[in-house]
Amino acid sequence: MERVLIVGAGLTGSLCAALLRKEASRPLHLAVWDKAGDSGGRMTTAGSPYNPQSTVDLGAQYITCTSHYAKKHQSFYDELLARGILKPLISRIEGIVIKDGDCNFVAPQGVSSIVNHYLKESGAEICFRQHVTQINLRNDKWEVSKETGSPEQFDIVVLTIPVPQILQLQGDIANLISEIQRQQLESVSYSSRYALGLFYEAGTKIDVPWAGQYITSNPCIRFISIDNKKRNIESSEIGPSLVVHTTVPFGVAHLEQSIEDVQKLIFQQLENILPGLPQPVATKCQKWRHSQDTRSTFDEFIDVCA
């Protein structure tokens, strides 16, 4: 049985694993490794430490199916809709731009549920906190080394991590990338930003007429979402949750600052936009060093809007 390793437990890695399991002509041992402590990647959903049912999407906020992607991948959307993993976005998002033929969807259980669905479908062995550092060729096998633990050998290795992380890998893989391939990879660039999730006690009211809003007049904040309203789910037993996504210039300017300092700056700007906002019981600040590719030669399976 061939051993296949997929590095990265985000949307690309999870879908790749599911498709390999479905389409492979022979049995495979599939493994998915990720250096983080959970799945999701840029489709991460975080839960409140006081109530795991209160969650915020720290990455992608909703899924946009364009007419182009609908023609190529309608079966994927149909499956996710039939299983209740996606549902149409009907909540009010101020400032959203909808082109002819576009359909927007939200994930009732958070966008990470899409990733978790494909990981489950793959039947892969999922290992977190596995930070790959080297890939070497040993007797026609790929020997994969990580920060902790012994190296392991695989017949096939698929990398679904950000390009800068691929280029940082040591070992034979660095020499196997041709000069033209390296130039193409180095031409890929990413935006950077922060996301701040706020969790509130049950019964807290956030009195705004929208579920999400794009901000155009603030140097720090680009998007705000009341995540339970965005998903059209409200409960008297679960407190509301709010997420703030910063602008790219703010993210770039403060990329190397401490999370604590950045969080304070975001709070100051949020108070200007939503004065009198209740005090949260918990927060989660996420740095997205590799937020979205801004110059890429690669096709994406879906449009993910944040």
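Each remark here, short or long, concerns the structure printed above.
Because the structure is predicted, anything quoted here is derived from the model rather than measured.

## What about the overall build of the protein?
Piece 1. Helix and strand content of the protein: nine helices and 21 strands.
Piece 2. Relative to the globule expectation of 19 Å for 306 residues, the C-alpha radius of gyration of the protein, 20 Å, shows essentially globular dimensions.
Piece 3. C-alpha atoms of the protein, sized along the principal axes, occupy 65 × 45 × 40 Å.
Piece 4. Per-residue burial over the protein gives 48% buried out of 306 residues.
Piece 5. Restricting to contacts in the protein with at least 6 residues of sequence separation, those with at least 24 account for 73%.
Piece 6. Surface summary for the protein: the accessible area is close to 15500 Å², and the carbon and sulfur share equals 48%.
Piece 7. Seen as two clouds, the 29 positive and the 33 negative side-chain charges of the protein have centres 1 Å apart.

## Thoughts on the nonpolar core
Piece 1. Ranked by internal contacts, the top residues of the largest apolar core, which has 29 residues, are Val-32, Met-43, Ile-63, Leu-86, Ile-114 and Tyr-118.
Piece 2. For this core, the elements supplying multiple residues, two or more each, are strand 1 (2-7), helix 1 (11-23), strand 2 (28-34), strand 5 (62-65), helix 2 (67-82) and helix 3 (112-122).
Piece 3. The contact partners of Val-32, leaving out residues within four places of it in the chain, are Ile-6, Gly-8, Ala-9, Ala-17, Leu-119, Ala-124, Glu-125, Ile-126 and Cys-127.

## Section: the pairing of strand 10 (residues 132-138)
Piece 1. As paired strands, strand 10 and strand 11 (residues 141-146) are joined by six bridges and run antiparallel to one another. Pairing of Val-132 across the sheet is with Lys-146, part of strand 11.
Piece 2. Linking strand 10 to strand 11, which pair antiparallel, is a turn of two residues; within it Asn-139 sits at a positive phi near 55 degrees.

## Topic: the state of the cysteines
Piece 1. Here the structure, examined in full by the defined rule, presents zero disulfides.
Piece 2. Unpaired in terms of disulfides, Cys-220 finds its nearest cysteine sulfur in Cys-285, a separation of 9.7 Å.
Piece 3. Classification of Cys-220 as buried rests on a relative accessible area of 2%.
Piece 4. What makes Cys-285 buried here is its relative accessible area of 11%.

## Side note on the sheet that holds strand 1
Piece 1. Ordered in space as 9-2-1-13, the four strands form an open sheet in which the pairing is parallel. The sheet is open, and its two borders are formed by strand 9 (125-128) and strand 13 (156-159), each paired with just one other strand. When the angles between neighbouring strand axes are averaged without regard to direction, this sheet yields 20 degrees.
Piece 2. Along the sheet, helix 1 contacts strand 1, strand 2 and strand 13; its crossing angle with strand 2, the most-contacted strand, is approximately 175 degrees.

Cut-offs and rules
Residues numbered from 1 in each chain as written. Predicted model: local features only at pLDDT ≥ 70, side-chain atom pairs only at ≥ 80, totals over all residues. Heavy atoms only, no water. Helix = DSSP H or I, 4+ residues; strand = E, 2+ residues; numbered from the N terminus. Rg over C-alpha atoms; globule rule 2.2 N^0.38 Å. Buried < 20%, exposed > 50% of the residue type's maximum accessible area, 1.4 Å probe, protein only. Contact = heavy atoms within 4.5 Å. Areas by Shrake-Rupley, 256 points an atom, 1.4 Å probe, with all protein chains shown as cover. Lys, Arg positive; Asp, Glu negative; His and termini not counted. Charge placed at Lys NZ, Arg CZ, Asp CG, Glu CD. Core = buried A, V, L, I, M, F, W, Y, C linked by side-chain atoms within 4.5 Å. Pairing = 2+ DSSP bridges. Disulfide = S-S within 2.5 Å. Axes fitted to C-alpha atoms, helices over the stretch in contact; angles between N-to-C directions.

Geometric values such as these leave the question of function open.
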